Amino acid sequence: MAVVLTNTLSGRKEALVPREAGRVRLYWCGVTVYSRSHVGHARALVTADVLCRYLRARGLAVTFVRNFTDIDDKIIRRAAEVGIPAAELAEREIRAFAEDVAWLRCLPPTHEPRATEHIPAMLALIEQLVAAGFAYAVPDGSVYFRVRRFPAYGKLSHRRLDDMEAGEEIDAAKEDARDFALWKGAKPGEPWWSSPWGRGRPGWHIECSAMATGYLGQPFEIHGGGSDLVFPHHENEIAQSEAAAGVPFADLWVHNGMITTGAEKMSKSLGNILSIGEVAAQAPAEALRLLFLGTHYRTPLDFSPARLEESGRALGRLYEALARADEVAGGPPPALPVDGALAEPPTPFLTELCAAMDDDLNAARALGLVFDRMRELNRVLDAGDRAAASAIRRELAAVAATTGLLTEVPATFLETARRRGQERTGLSVAEIDAAIAARNDARRRKDFREADAIRERLREQGILLEDTPSGTMWKAG
RNA sequence: GGCGGCGUACCCAAGUGGUUAAGGGAGAGGUCUGCAAAACCUCCAUGCACCGGUUCGAAUCCGGUCGCCGCCUCCA
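Quick caveat: nothing in here was measured; it's all calculated off a predicted structure. (Residues numbered from 1 in each chain as written. Chains lettered and ligands numbered in written order. Predicted model: local features only at pLDDT ≥ 70, side-chain atom pairs only at ≥ 80, totals over all residues. Heavy atoms only, no water.)

This paragraph deals with the overall build of chain A. Regarding its fold elements, chain A presents 15 helices and 15 strands. Its C-alpha atoms give chain A principal-axis dimensions of roughly 95 × 50 × 35 Å. Counting only residues that meet the buried cut, chain A has 51% of its 477 residues in that class. Once local pairs closer than 6 in sequence are excluded, the contacts in chain A between residues at least 24 apart make up 74%. Looking at chain A as shown, the accessible area adds up to about 21500 Å², and 52% of this sits on carbon and sulfur atoms. When the 59 positive and 66 negative side-chain charges of chain A are each reduced to one mean point, those points stand 3 Å apart. (Helix = DSSP H or I, 4+ residues; strand = E, 2+ residues; numbered from the N terminus. Buried < 20%, exposed > 50% of the residue type's maximum accessible area, 1.4 Å probe, protein only. Contact = heavy atoms within 4.5 Å. Areas by Shrake-Rupley, 256 points an atom, 1.4 Å probe, with all protein chains shown as cover. Lys, Arg positive; Asp, Glu negative; His and termini not counted. Charge placed at Lys NZ, Arg CZ, Asp CG, Glu CD.)

Another point: the protein's contact with RNA strand B. Near RNA strand B there are 58 residues, and of these Lys74, Trp204, Gly226, Arg307 and Arg379 occur at the shortest range. Glu310 has a polar side-chain atom sitting 3.4 Å from a base nitrogen of RNA strand B. When contributions to the surface near RNA strand B are tallied by element, the ones reaching two or more residues are strand 3 (23-32), helix 1 (39-57), strand 9 (220-226), helix 9 (305-329), helix 11 (363-382), helix 14 (429-444), helix 15 (448-460) and strand 14 (463-468). A per-element tally of the surface near RNA strand B places helix 11 first, with nine residues. Of the residues in the surface near RNA strand B, the class split is 15 nonpolar, 20 polar and 23 charged. (Near = heavy atom within 4 Å. Polar contact = N/O pair within 3.5 Å; in protein donor to acceptor, adjacent residues only side chain to side chain. Nonpolar A, V, L, I, M, F, W, Y, C, P; charged D, E, K, R; others polar.)

Our focus in this paragraph is helix 1. The terminal C-alpha atoms of helix 1 lie 26 Å apart, and with 19 residues this matches the ideal 27 Å at 1.5 Å per residue to within 8%. Of all 19 residues in helix 1, 19 are buried, a share of seventy percent or more. Just downstream of helix 1 lies Gly59, where phi reads positive at about 100°. (Expected span 1.5 Å × (residues − 1).)

As defined by bridge partners, strand 1 (residues 4-7) adjoins strand 2 (residues 12-15) across four bridges and the pair is classed as antiparallel. Across the sheet, the residue bridging to Val4 is Ala15, located in strand 2. The antiparallel hairpin formed by strand 1 and strand 2 contains four residues in its connecting segment, where Gly11 sits at a positive phi of about 75°. (Pairing = 2+ DSSP bridges.)

Its domain assignment divides chain A into domain 1 (20-265), domain 2 (282-411) and domain 3 (426-476). Computed from C-alpha atoms alone, the centre-to-centre distance between domain 2 and domain 3 is 31 Å. (Domains from an automatic or database assignment.)

The element strand 3 is extensively covered by neighbouring structure, given that seven of its 10 residues are classed as buried. Where strand 3 meets strand 4 (residues 61-69), eight bridges bridge the pair, whose relative direction is parallel. Within the sheet, the bridge partner assigned to Val24 lies in strand 4 and is Val62. A crossover connection joins strand 3 to the parallel strand 4 through helix 1; in handedness this β-α-β unit is right-handed. In this structure, strand 3 lies alongside strand 9, joined through three bridges in parallel fashion. Residue pairing in the sheet places Tyr27 in a bridge with His223 of strand 9. (Right-handed = clockwise from strand over helix to strand, strands pointing away.)

The next subject is the pattern of salt bridges. Scanning the entire structure with this criterion turns up 40 salt bridges. One salt bridge connects Asp72 with Lys74, and the closest N-O pair in it is separated by 3.7 Å. Members of the salt-bridge network, linked through shared partners, are Asp73, Lys184, Glu190 and Arg201. (Salt bridge = Lys/Arg side-chain N within 4 Å of Asp/Glu carboxyl O.)

Let us now look at helix 6 (residues 230-245). In a regular helix each residue adds 1.5 Å, so 16 residues correspond to 22 Å; helix 6 covers 21 Å between its end C-alpha atoms and thus fits that length. Across the 16 residues that make up helix 6, a large majority, 13, are buried.

Residue position: Asp176 is located in the loop between strand 6 (143-145) and strand 7 (180-185). On the basis of relative accessibility, which here comes to 13%, the residue Asp176 falls in the buried class. Between the C-alpha atom of Asp176 and that of Tyr144, which follows or precedes it by 32 residues, the distance is 9.6 Å. Among residues more than four places away in sequence, those in contact with Asp176 are Tyr136 and Arg148.

On to the packing of helix 11 against helix 12 (residues 386-403), then. Close contact between helix 11 and helix 12 brings their axes to 9 Å; oriented N to C, the two are set at 155°. Here helix 11 lies roughly antiparallel to helix 12, going by the angle between them. Seen from above, helix 11 lies across helix 12 with left-handed handedness. Only Ala388, Ala389, Ile392, Glu395, Leu396 and Val399 of helix 12 make contact with helix 11, whose side of the interface consists of Val370, Arg373, Glu376, Leu377, Val380 and Leu381. Across the contact of helix 11 with helix 12, the residue classes tally to nine nonpolar, no polar and three charged. (Axes fitted to C-alpha atoms, helices over the stretch in contact; angles between N-to-C directions. Parallel < 35°, antiparallel > 145°, perpendicular 65-115°, else oblique. Left-handed = near helix turned anticlockwise from the far one by under 90°.)

So, on to the packing of helix 10 (residues 348-358) against helix 12. At a minimum axis separation of 10 Å, helix 10 and helix 12 run at an interaxial angle of 20°. By the angle between their directions, the pair helix 10 and helix 12 is classed as roughly parallel. For the element pair helix 10 and helix 12, the recorded crossing hand is right-handed. Judged by residue contacts, Phe349, Leu350, Leu353 and Met357 of helix 10 engage Glu395, Leu396, Ala398, Val399 and Thr402 from helix 12. Looking at the contact of helix 10 with helix 12, its residues break down into seven nonpolar, one polar and one charged.

Attention now goes to the sheet that holds strand 12 (residues 264-265). What links the strands of a sheet is backbone hydrogen bonding, and the strands pair in either a parallel or an antiparallel sense. Spatial strand order, 12-11-13: three strands in an open sheet with mixed pairing. Either end of the sheet is taken by a strand with one partner, and the two such strands are strand 12 and strand 13 (301-302). Judged from the two bridges that link them, strand 11 (residues 259-261) and strand 13 form a sheet pairing that is parallel. Its bridge partner lying in strand 13, Ile259 is registered against Leu301.

Overall, antiparallel pairing links the four strands, which are arranged 5-6-7-8 in an open sheet. Both outer strands of the open sheet, strand 5 (135-137) and strand 8 (200-202), are each paired with one neighbouring strand and no more. The sheet shows a mean angle of 20° between the axes of neighbouring strands, taken without regard to direction. Alignment of strand 7 against strand 8, held across three bridges, turns out to be antiparallel.

Right, dumping it as structure tokens:
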């Protein structure tokens, strides 16, 4: 069985065929660092993370590169508004991004290059394109790619040059309105680097071409990003890289669908964004990940706080079951390493899990299997079958390596959730314990009316009680 | 206008020719419990936007209609 991914280039599912046995090179377009990342970015990050994790769990050695665009018109504009140098703004936002992506529990990329650290490689690529007649310089010091010279232009986004409308940014110096900038001449006050065409800065697309091939060579196996990057960004990357090298740029083009809110794309320009930091304040990271994985990565996903909460409830049930199993077993099983986690002796569950993920990362189907397995786990725990429970518990440990879900120690996860909920209620642990003691006192006296009144009062304050054989437990609802 | 995609139960969502259409959330009934909660069991789409067609057989393929979205300009 091979891993199959939908290739935007062909519009079809295609098998991932490593060019070197056992090794996969993955480039994923990162973010432009000029403001906080939002839920849309989170989806792209998680999609790449799941892809990388799964391939590694399958035993493939993945070189994963994710870039930072740290010089760009928006960064310059924003920095001017804030009144700090562009480089400082970029640095600040990179730090904020690092926090967000760590919260999301994404594996760190093998390489995380910044555009400004690879200017020489970009200049070399541009010079090569100019020398070959694929690009031309104009008087203001900018260099443009000559789209007409690249017949395959449009093959990724499936459009013909003749059908395209001219861009807004009409530069009289351009030969063709659809030509795009490889290098932008610096205007007064803008950051600049020296080039054969004078002071300037790289265009957006050239940086990914230079960094991707710089770290991964050409061609490499997988290039991905949000679907809004298909055109023009990825189309232009292909044009540059293939014009320059004369060989394909990347084999498989993988694109995740957009996050919408109220059926409208979440984007900074529409002002309808929810930052990752804002989500972090109201839900565990894996609740967001579970929400993402419930919908196939290519399908648009409508985000709402209500859905996030739903996912949080479902996630809680999974951790509750795991915690029960761990309690019976005296502790959690050792975490499986990400690499080769699925090389374990296959069980029917793991085989099916693999089959689902092999099929274009069908995580939604995989989750269906996980929930089925969870129910079975609860069943054998109810029946007191410890051997069966520990076997299922071990299988579920593989879920973390493949999807990035259930990565935490269940008891810790639940305790954290409890603590957060309790803080929201405004009640102290001591107050809750006192109320529980009073209620249990009433229960011993068979004063159930009083006991129920206490429980009801706590419920109104957001504390839910559970009487178990080992005592009364509480959690925050 | 061009290109791409979507429309499956109360909500979300998997399913892309073949037994009873996954799974999650919500809801209903039951087991357990002093009563609850949790867990488990059962129920919840003779039907997959609509209309035609192909086929022994279609949510799945083809044609048409309606509705929605994305890209075509910075965007994950």
